[in-house]
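So the chains spell out like this:
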Amino acid sequence: MGSLKKEKYQMAISKIGAQLQLENIEVNLNDDIEVRLTRVGRRIYRAYWKKYNLRPLPLQKTGGRWVRFQLWDFMNIFGNAIYMSAPATIVSNLIRILKS
């Protein structure tokens, strides 16, 4: 890693650490989240519904490629597919937690 990249990385980590120290975040399982699904994620979504011989519900698109789920629903559908070194189901492993 170049020195400039390393410096930016360290600055980003310190900002995140400072934010985490300043506030606690409470999340309810009924809260809505937004994610951007990868191809693997979309495949898992379709397979989840196929397992029950049901047609997949349309994804709730919120802008761009972001889609909305209730947290408990997301965990139920994708939980088994999210583990160390698993193929990415969401872009950049980024989840937006929407404030209630």
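Residues numbered from 1 in each chain as written. Predicted model: local features only at pLDDT ≥ 70, side-chain atom pairs only at ≥ 80, totals over all residues. Heavy atoms only, no water.

Engineer: Which residues make up a positive patch on the surface, and what values do they have?
Structural biologist: There is a patch of like positive charges on the surface, built from Arg39, Arg42, Arg43, Arg46, Lys61 and Arg65. Sorting elements by how many residues they give to the positive patch places helix H2 (residues 39-51) first, with four residues. As for its placement among the helices and strands, Arg46 is situated in helix H2. For Arg46, a relative accessible area of 46% puts it in the partly exposed group. (Patch = residues over 30% accessible without salt bridge, like charges linked within 9 Å, V, L, I, M, F, W, Y side chains within 5 Å. Areas by Shrake-Rupley, 256 points an atom, 1.4 Å probe, with all protein chains shown as cover. Salt bridge = Lys/Arg side-chain N within 4 Å of Asp/Glu carboxyl O. Lys, Arg positive; Asp, Glu negative; His and termini not counted. Charge placed at Lys NZ, Arg CZ, Asp CG, Glu CD. Helix = DSSP H or I, 4+ residues; strand = E, 2+ residues; numbered from the N terminus. Buried < 20%, exposed > 50% of the residue type's maximum accessible area, 1.4 Å probe, protein only.)

Engineer: Before we move on, could you go through the layout of surface pockets and cite the residues and values that matter?
Structural biologist: Of the volumes computed, that of the second largest pocket is approximately 190 Å³. Asp32, Tyr45, Trp49, Leu57, Pro58, Leu59, Gln60, Arg68, Phe69, Gln70, Trp72 and Asp73 together form the lining of the second largest pocket. Those elements that provide at least two residues to the lining of the second largest pocket are H2, strand S3 (66-70) and helix H3 (71-78). Element by element, the count of residues in the lining of the second largest pocket is highest for S3, at three residues. Residue composition of the lining of the second largest pocket, by class: seven nonpolar, two polar and three charged. (1 Å grid on protein atoms, 1.4 Å probe; cavity = no way out; pocket = protein on both sides within 12 Å on 5 of 7 lines; lining within 4 Å. Points joined across faces, edges and corners; volume = space filled by probe spheres on them. Nonpolar A, V, L, I, M, F, W, Y, C, P; charged D, E, K, R; others polar.)

Engineer: Go over a nonpolar patch on the surface with me, naming the residues and quoting the values.
Structural biologist: Judged by side-chain polarity, Ile25, Val27, Ile95 and Ile97 come together as a nonpolar surface patch covering roughly 340 Å² of accessible area. Inspection of the secondary structure puts Ile95 in the loop between H3 and strand S4 (96-97).

Engineer: Which residues make up the pairing of S3, and what values do they have?
Structural biologist: The pairing of strand S1 (residues 32-36) with S3 spans five bridges and is classified as antiparallel. Bridge pairing links Asp32 to Gln70 in S3. By the bridge criterion, three bridges tie strand S2 (residues 60-63) to S3 in an arrangement that is antiparallel. From the neighbouring strand, Lys61 faces S3, where its bridge partner is Val67. (Pairing = 2+ DSSP bridges.)

Engineer: Describe the packing of aromatic side chains, naming the residues involved and giving the relevant values.
Structural biologist: Evaluated as defined, the whole model comprises seven aromatic pairs. For the ring pair Tyr48 and Trp49, a centre distance of 5.3 Å and an interplane angle of 85 degrees mean the geometry is edge-to-face. Geometrically, the ring pair formed by Phe69 and Phe78 is edge-to-face, given 5.7 Å between the ring centres and 85 degrees between the ring planes. Both residues of the pair, Phe69 and Phe78, count as buried. Here a set of aromatic residues connected by ring pairs shows up, and it is made of Tyr45, Tyr48, Trp49, Tyr52, Phe69, Phe74 and Phe78. Directly above the ring of Trp66 sits Arg96, whose terminal nitrogen or CZ lies 3.6 Å from the centroid. (Phe/Tyr/Trp six-rings, centres within 6.5 Å; stacked < 30°, edge-to-face > 60°. Lys NZ or Arg CZ within 6 Å of the ring centre and 35° of its normal.)

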